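# Topology and contacts: notes
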Amino acid sequence: MNKLFGLAFLMVGMLLAVGAGANFRYYSADRSASFTVVSDDNELIDLTALQPYVTYNNGNIYVDISDNNPNHPDWGGDGMSPNTTYVFEELFQVSNELWENNQTNYPICVDIKSNQDNVLLFAGDYSSPVAGPAHNIEFTVEHGNPIPVGMIFDNTNSTLGLDQFQMSFEATAGACGP
């Protein structure tokens, strides 16, 4: 009797497990996500340093304009001066290798956001940008046509010392909207 009772429970449990999975329609939850840029020879969306001020360390991309940068050029200064504005073109580039293997030219929309008031971002050339200059920029990247990204640092009324901020990168399939 106990064996029959145990077998019945097992069958009911299996039916519930299979039945619940087969009719699943919707689930809603608030979650956060984060990612780290990592070294990968097969990456599909790539951030590539174009100047010695941009480095990779522990899977993160850094823009470091100081003498603490391991790639600091011998001719480089110790940082930036107060009450000045610096324009750095082509610090890094964003490329789209998303459908490289099936010979499809499918665009991606890249959104870069900065939380720093005195730093502006721009895509393309400074004199004729594709996007920006602004704190948040959005631009389309076609396969095989990387887009360089630059920054404008406005140090008006800045104090001496280290200034740090974060940027976020988001890429979605398809061209950016109007």
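Quick note: structure is the one above.
A few points on the structure. (Residues numbered from 1 in each chain as written. Predicted model: local features only at pLDDT ≥ 70, side-chain atom pairs only at ≥ 80, totals over all residues. Heavy atoms only, no water.)

Inside soluble globular proteins, nonpolar side chains tend to come together where they are buried. F92, V94, I112 and F139 are the most contacted members of the largest nonpolar core, which totals 24 residues. Every element with two or more residues in this core is listed here: β4 (85-96), β5 (108-114), β6 (119-124), β8 (136-141) and β9 (147-154). Excluding its chain neighbours within four sequence positions, the residues that come into contact with F139 are V94, I108, C109, V110, I112, A123, V130, A131, I147, V149 and C176. (Core = buried A, V, L, I, M, F, W, Y, C linked by side-chain atoms within 4.5 Å. Buried < 20%, exposed > 50% of the residue type's maximum accessible area, 1.4 Å probe, protein only. Helix = DSSP H or I, 4+ residues; strand = E, 2+ residues; numbered from the N terminus. Contact = heavy atoms within 4.5 Å.)

Along the chain, G132 connects to P133 via a cis peptide bond; the corresponding omega equals 0°. Within the secondary structure, P133 sits in strand β7 (residues 129-134). Unusually for a residue other than glycine, E90 sits at a positive phi of about 50°. Locating E90 in the fold gives a position in strand β4. Using a relative accessible area of 37% as the deciding quantity, one classes E90 as partly exposed. Positioned with a positive phi, N157 is a non-glycine residue whose angle comes to about 60°. Positionally, N157 belongs in the loop between β9 and β10 (167-173). Exposure remark for N157: the relative accessible area of 66% places this residue in the exposed category.

Looking at the element boundaries, G150 is found in strand β9. Residue classification places G150 among the buried positions, given a relative accessible area of 0%. Sequence separation between G150 and L91 is 59 residues; the distance between their C-alpha atoms is 5.3 Å. When neighbours within four sequence positions are excluded, G150 is seen to be in contact with F88, E89, E90, L91, L120, L121 and F122.

The description of an aromatic ring pair uses the distance of the two centres, along with the angle that the planes make with each other. Under the defined criterion, the tally for this structure stands at 5 aromatic pairs. By way of ring pairs, the aromatic residues Y53, Y86, F88 and F153 are connected into one cluster. (Phe/Tyr/Trp six-rings, centres within 6.5 Å; stacked < 30°, edge-to-face > 60°.)

This paragraph deals with the state of the cysteines. The full count for this structure, using the stated rule, is 1 disulfide. The partner cysteine of C109 in its disulfide is C176, sulfur to sulfur 2.1 Å. In this structure, the disulfide formed by C109 and C176 twists by about 105° around the S-S bond and is classed as right-handed. Of this pair, C109 sits in strand β5 while C176 sits in the segment after β10, and the two are 67 residues apart along the sequence. According to the relative accessible area criterion, C176 is buried, its value standing at 18%. (Disulfide = S-S within 2.5 Å.)

Geometric descriptors of this kind do not, in isolation, establish any biological role.
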